[in-house]
Each structure stands twice: as C-alpha cells, then as structure tokens.
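Report on the structure
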Amino acid sequence: MALSTWLAFFAAAWAISFSPGPGAICSMASGLKYGFRHGAWTIFGLQAGIVCQLVIVALGVGALLATSELAFTIVKWIGAVYLVYLGVRQFRTDAAPVAVEMRPPQSAHPIRDQLVRGYLVNVTNPKGTMFLLAVVPQFLDLTRPLPLQYFLIGATLCFTDLVAMSCYTSLASRILRMLREPGHIRWLNRSFGSMFILAGTVLASFSHKH
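What you see is a predicted model; the values in this text were computed from it and never measured. (Residues numbered from 1 in each chain as written. Predicted model: local features only at pLDDT ≥ 70, side-chain atom pairs only at ≥ 80, totals over all residues. Heavy atoms only, no water.)

This part takes up the overall build of the chain. Secondary structure assignment for the chain yields nine helices and zero strands. What you see in the chain, going N to C, is helices and strands ordered as α-α-α-α-α-α-α-α-α. For the chain, buried positions account for 44% of its 210 residues. The contacts in the chain between residues at least 6 apart in sequence include a share of 90% that link residues at least 24 apart. Here the chain displays about 10,900 Å² of accessible surface, and carbon together with sulfur accounts for 70% of that area. (Helix = DSSP H or I, 4+ residues; strand = E, 2+ residues; numbered from the N terminus. Buried < 20%, exposed > 50% of the residue type's maximum accessible area, 1.4 Å probe, protein only. Contact = heavy atoms within 4.5 Å. Areas by Shrake-Rupley, 256 points an atom, 1.4 Å probe, with all protein chains shown as cover.)

As structure tokens, this is what we get:
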C-alpha cells in the first residue's frame, strides 16, 4: 500500500471511529458503570469485533450479506435484539454509589463478560460490515499482496477506534465522578439504556439496499 493511500485511509479511519454508534454507546455505558480503568475491557472486545468484521469482508462473506436478503436479515435481527437486551439491562440497573469506579465489576468473570459484550456489539452489526465492504476496497491495491494490506487497514482502524472508544469511556467516567446523587446515576443509566434500545430499533429498520 502506497504511503499516500494509507494516509488517506488513516484520515478516514478517524472519522469512522468517532462516528456515534452502538460501539460509542457501549463504551460510554461501561465508563459510566465501571469507570475508565475497569470499563476499558469493553473497548478491547469492540476491537475484536472490528477484526472479525474485517476478516468477514476479506473472505468475501460480506458480499453474501450484501446480496442475500435472508443472511442479512438474520444477522440484522440478532444484532438488533442484542442491543435492545443491553438497553433493557442498562435501563433497569439500580443507581450505584459514585465510588463504583474505584471497584472492579462484581462478576465472576468481569473481564470476559466485558470482552464478550463489546465483541458482540460490533460483530452483530451488519451495518458495520456493509460499511467496511464499501470503504475498504477503495484503498486496496490489487497488484500487491492483499493480506498485508488488510492487516495494515485492520491495525489502523483498530488504533483509531481504540483511541475514540477510550475517549468515550473516559468522558463517561468523568461524568460519573461529578455525580453526587443516586438519582443522577439512575437517570444516566436510563438514558444510556434508551440509546441502546434506539440503536437496536434503528438497526432493525436498516436495509442492505440503503
């Protein structure tokens, strides 16, 4: 990949990564609930989802989602239902003490749970796969080895998304530190829960023809 081509993709990757979406909502929800230190594991799960999406595109499975109404609909509804499920859980979360960011998540497998959550949010979003399918080929040089180019594109996108999601998580954790009343945290939980549900509803209405 020529340097000029990579720089063009690098610039595009920042816009892609900072665009609000389920990943940003998921990152902020984790930052709100756990603080930055413990909530950051969700970000790595999101990156794993991006890598999986890129592999899907590289293997040509993305083309199947673009042409098969059934395959697209199945993946779309899985993603939509999962987002709504996360939204309902977030909405019903009780107000936690402000000091929650000083404690790790109360779970038998806190790291695994957050990794899986982040991964599923991205990998069950066919809109993201379709987007990569539309964007990535524009930066490929078919006269050069493709695996190395896909690796470079994946590493670049993961880097920019890692920075972007870290910013979202940090923002939410800073908001958490400013809260003094349980009612404030309950309101934020319901706000993020509503955003998850809205994202799931939007995804359910998305068509591969769009």
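Now for a nonpolar patch on the surface. Taken together, the side chains of Trp41, Phe44 and Ile111 present a nonpolar region at the surface, about 280 Å² in accessible area. Along the polypeptide, Trp41 turns up in helix 3 (residues 41–58). For Trp41, a relative accessible area of 34% gives the class partly exposed. (Patch = residues over 30% accessible without salt bridge, like charges linked within 9 Å, V, L, I, M, F, W, Y side chains within 5 Å. Salt bridge = Lys/Arg side-chain N within 4 Å of Asp/Glu carboxyl O.)

If you look at the biggest cluster of nonpolar residues, it comprises 21 residues, and the most contacted ones within it are Val121, Met165 and Phe196. Secondary-structure elements contributing two or more residues to this core are helix 2 (22–39), helix 3, helix 5 (69–91), helix 8 (146–178) and helix 9 (182–204). When residues in this core are grouped by element, the largest group, six residues, is from helix 2. If you look at the next biggest cluster of nonpolar residues, it comprises 14 residues, including Ile50, Val57, Leu132 and Leu140. (Core = buried A, V, L, I, M, F, W, Y, C linked by side-chain atoms within 4.5 Å.)

A word on the pattern of salt bridges. Applying the stated criterion to the full structure yields two salt bridges. Note that Arg112 and Asp113 form a salt bridge whose closest N and O atoms lie 3.8 Å from each other. Arg144 is the salt-bridge partner of Asp141, the closest N and O atoms lying 3.3 Å from each other.

A word on the side chain of Thr156. Looking at where Thr156 falls in the secondary structure, it is placed in helix 8. With relative accessibility at 6%, the residue Thr156 sits in the buried group. One polar contact links the side chain of Thr156 to the main-chain carbonyl oxygen of Leu152, over a distance of 2.7 Å. With residues near it in sequence (within four places) discarded, Thr156 still touches Trp6, Phe9, Phe10 and Ala13. (Polar contact = N/O pair within 3.5 Å; in protein donor to acceptor, adjacent residues only side chain to side chain.)

A few words on the confidence of the model for the chain. The predicted model of the chain has a mean per-residue pLDDT of 79, with 81% of residues at 70 or higher. By mean pLDDT, the top-scoring element of the chain is helix 3 (91), and the lowest-scoring one is helix 4 (residues 61–67) (66). Here residues 97–102 is modelled with pLDDT under 50, and outside its nearest four sequence neighbours on either side it reaches 17 contacts, counting other chains as well. (pLDDT = per-residue confidence, 0-100.)

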